[in-house]
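Below are the chains, spelled out letter by letter.
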Amino acid sequence: MLTEESRKVSKVLMVDDEAKVLAGYKRHLKKIYDLTITTDPIEGLELCVNKGPFAVIVSDQRMPEMDGVTFLTEIRKLVPNTVRIMLSGQADMEETIKAVNHGNIFRFLNKPCKLQDLVVALDDGIKQFNLLESEKVLLDQTLRSSLEVLVEVLSLVNPYAYGCSSRMYRIVKKIAKKLRFEKSWELEIASLMAHVGLVTIPANILSKVVKGRELTGEEDKTFMGYPKASYNLLKSIPRLELVCSFVRDLHSTYDSSEFEEAKGTEKEEILLGTHILNLAMDFDKEVFGKQQTEVAGLMSIMKVADEGKYNPIVVKALKGIIVPSSSPLEISSIDDLILEMLTAKPVVDNMENEILPVNYTITSVALKLLENFVKTGAVKFPIFVWDRDEN
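The residue count restarts for each chain, going from 1 along the sequence in the order it is written. Two thresholds apply to this predicted model, a pLDDT of at least 70 for residue-level local features and 80 or more for giving and counting side-chain atom pairs, whereas whole-chain, interface and lining totals are computed over all residues. Hydrogens and waters are ignored; side-chain quantities use all the structure's heavy atoms.

A. Structural view of the side chain of Asp284. A run of DSSP states H or I qualifies as a helix once it reaches four residues; a run of E qualifies as a strand once it reaches two. Both are numbered from the N-terminal end. Following the sequence through the fold, Asp284 ends up in helix H14 (residues 266-289). Once residues within four sequence positions are removed from consideration, Asp284 is found in contact with Cys164, Arg167 and Gly289. In this analysis, two residues are considered to be in contact whenever any of their non-hydrogen atoms come within 4.5 Å of each other.

Dropping the structure here:
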């Protein structure tokens, strides 16, 4: 059972188009929870953005502007960890199934609902929210940090693999944000870890790929197997099941009928994540592999997008984040480099040997590497980078 103090600091939002019903909720619950009420579901969405996070949101189903299923489905996209409860006096079986499938409803209560039953549901919802938030902290602070260390080590062991991952991560993160992708954490980790399997590819094959040389049939088969190698390396790590699914299906093709059938189910999110990764990977090949601008890379993608190769939702999102860039910054001192800047040209030594490739994200490891080169006077300045605000 929740303590009185835990209840008081827990934010609850209740949405119902009947003002009198809301007034009753407020009269009985205001002293128990940090309660906010509104008769307008649109305002409810705005409150989630501006006044959240709410631990629990309770919504009526039958509302004139927006029904409860639609409202809670939008809430799920905005704040996935907020617990959603449906309260309705006119529920039928079809409505209930729809609410559970689309809004991922935590509990369904019939009106009129006894105060004690509502309090029990709210308390259980708050406990669930706290559990989800604790898990999020564990993932964000512990597991993510460990994986990022692994990725930075990869940057030294296999710069090509790291370059692919860091560029994909930048694009994937922007697309996920644009689409309000619910499983963005898992998708971002998948983009970072997708190329770890490249460490299993023989050096002679990887060298041909880096130089843009054509592979033999057998070499291409070997190279295209790296996502499976990445999957096998990651699958034993706890809590990365969805990440592994994204990585395993990295080279899968877009199937419009399959995606349409998956709408409203958990599979829709998995497929969309795979489509984002697939497009980001191909976009990187167009830009980095062919040494062209992001705008030119987007044009190449759009030429084949009409043929049904990519999910149009993802293509539209990519189009929305790619804009013509200004001129890159010229860095004349290592002290002027900032984390997360992106190399606009390869960083080379005085003998024109490449230290960092183009489109390489500046990390703490990369900075340390450059500092060591600078000590021997080996870095050729200026270094050309994109400011991190433009990444």
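Still more ground to cover, so stick around.
B. The pattern of salt bridges, seen in detail. By salt bridge we mean one thing: a side-chain nitrogen of Lys or Arg within 4 Å of a carboxyl oxygen of Asp or Glu. One pass over the structure, following the stated rule, counts 16 salt bridges. Lys263 serves as the salt-bridge partner of Glu260, at 3.5 Å between the closest nitrogen and oxygen. The partner of Asp282 in a salt bridge is Lys309, with the nearest N and O atoms 3.8 Å apart. Here Asp282 is found in helix H14, whereas its partner Lys309 is found in the loop between helix H15 (294-305) and helix H16 (312-321), with 27 residues between them in sequence.

C. H15, seen in detail. End to end, H15 covers 16 Å across 12 residues, agreeing with the expected 16 Å (1.5 Å per residue, within 8%). In the core, the buried residues of H15 are packed alongside H14 and H16. Multiply 1.5 Å by the residue count of a helix minus one, and that product is the helix's expected span.

D. Main features of the sheet that holds strand E10 (residues 383-386). Strand pairing is assigned whenever DSSP identifies at least 2 bridges connecting the two strands. One open sheet holds the three strands; their spatial order is E6-E10-E7, and the pairing between them is antiparallel. The open sheet has two free edges, formed respectively by strand E6 (329-331) and strand E7 (342-343), since each of these has just one partner strand. In this structure, E7 lies alongside E10, joined through two bridges in antiparallel fashion. Across the sheet, the residue bridging to Thr343 is Val385, located in E10.

E. Main features of the nonpolar core. Buried Ala, Val, Leu, Ile, Met, Phe, Trp, Tyr and Cys residues form a nonpolar core when they are joined through side-chain atoms within 4.5 Å. Throughout, exposure labels follow a simple rule: accessible area from a 1.4 Å probe, protein chains only, divided by the maximum for the residue type, with under 20% read as buried, over 50% as exposed, and the rest as partly exposed. Membership of the largest hydrophobic core comes to 77 residues, with the highest contact counts inside it found for Phe223, Leu318 and Leu337. Here Leu337 is in contact with Ile331, Leu367, Leu370, Ile383 and Val385, once residues within four sequence places are set aside. In terms of nonpolar packing, the next biggest core, distinct from the first, is built from 21 residues, Leu22, Tyr25, Leu35 and Leu122 among them.

F. Molecular detail of the side chain of His275. Considering the arrangement of structural elements, one finds His275 in helix H14. Once residues lying within four places of it in the same chain are set aside, the contact partners of His275 are Tyr254, Phe259, Asn311 and Val314.

G. Focus on the packing of aromatic side chains. Stacked, tilted and edge-to-face pairs are distinguished by plane angle, under 30 degrees for stacked and over 60 for edge-to-face with tilted covering the rest, among Phe, Tyr and Trp rings (Trp via its six-membered ring) whose centres lie within 6.5 Å. All told, the structure shown has four aromatic pairs when counted by the stated rule. Taking the centre distance of 5.3 Å and the plane angle of 55° together, the rings of Phe223 and Tyr226 count as tilted. Among the residues examined, Phe223 registers a relative accessible area of 11% and is labelled buried. Judged by relative accessible area, which is 4%, Tyr226 ranks as buried. Each ring is checked for a lysine NZ or an arginine CZ that lies within 6 Å of its centre and within 35 degrees of its normal; such an atom marks a charge sitting over the ring. Against the face of Phe54 rests Lys11, its NZ or CZ located 5.2 Å from the ring centre.

H. Broad picture of the sheet that holds strand E2 (residues 34-38). Spatially, five strands are ordered E2-E1-E3-E4-E5 in an open sheet, and the strand pairing comes out parallel. The sheet terminates laterally at E2 and strand E5 (107-110), the two strands that pair on one side only. This sheet shows a mean twist of 20° between the axes of neighbouring strands, independent of strand direction. Direction of pairing for strand E1 (residues 11-15) relative to strand E3 (residues 56-60): parallel, over a ladder of four bridges. Residue pairing across strands places Val15 opposite Ser59, the latter belonging to E3. Along the sheet face, helix H2 (residues 19-29) touches E1, E2 and strand E4 (83-88) and points at about 170° away from the line of E2. A fitted line through C-alpha atoms represents every axis, and for helices the fit uses only the stretch in contact; the resulting angles, taken between N-to-C directions, go from 0 to 180 degrees. Against the sheet, helix H3 (residues 41-51) contacts E1, E2 and E3, and its axis sits at roughly 165° relative to E1.

I. Layout of the packing of helix H7 (residues 159-179) against H16. Between H7 and H16, the shortest axis-to-axis distance is 9 Å and the interhelical angle comes to 110°. Taken together, the axes of H7 and H16 lie roughly perpendicular to each other. Side by side, H7 and H16 meet where Ile171, Lys174, Ile175, Lys178 and Leu179 of the first sit next to Ile313, Val314, Ala317, Leu318, Gly320 and Ile321 of the second. Think of it as three bins: nonpolar holds Ala, Val, Leu, Ile, Met, Phe, Trp, Tyr, Cys and Pro, charged holds Asp, Glu, Lys and Arg, and polar takes everything else, Gly as well. For the contact of H7 with H16, a count of residues per class yields eight nonpolar, one polar and two charged. Our angle categories are set so that under 35 degrees counts as roughly parallel, over 145 as roughly antiparallel, 65 to 115 as roughly perpendicular, and the remainder as oblique.

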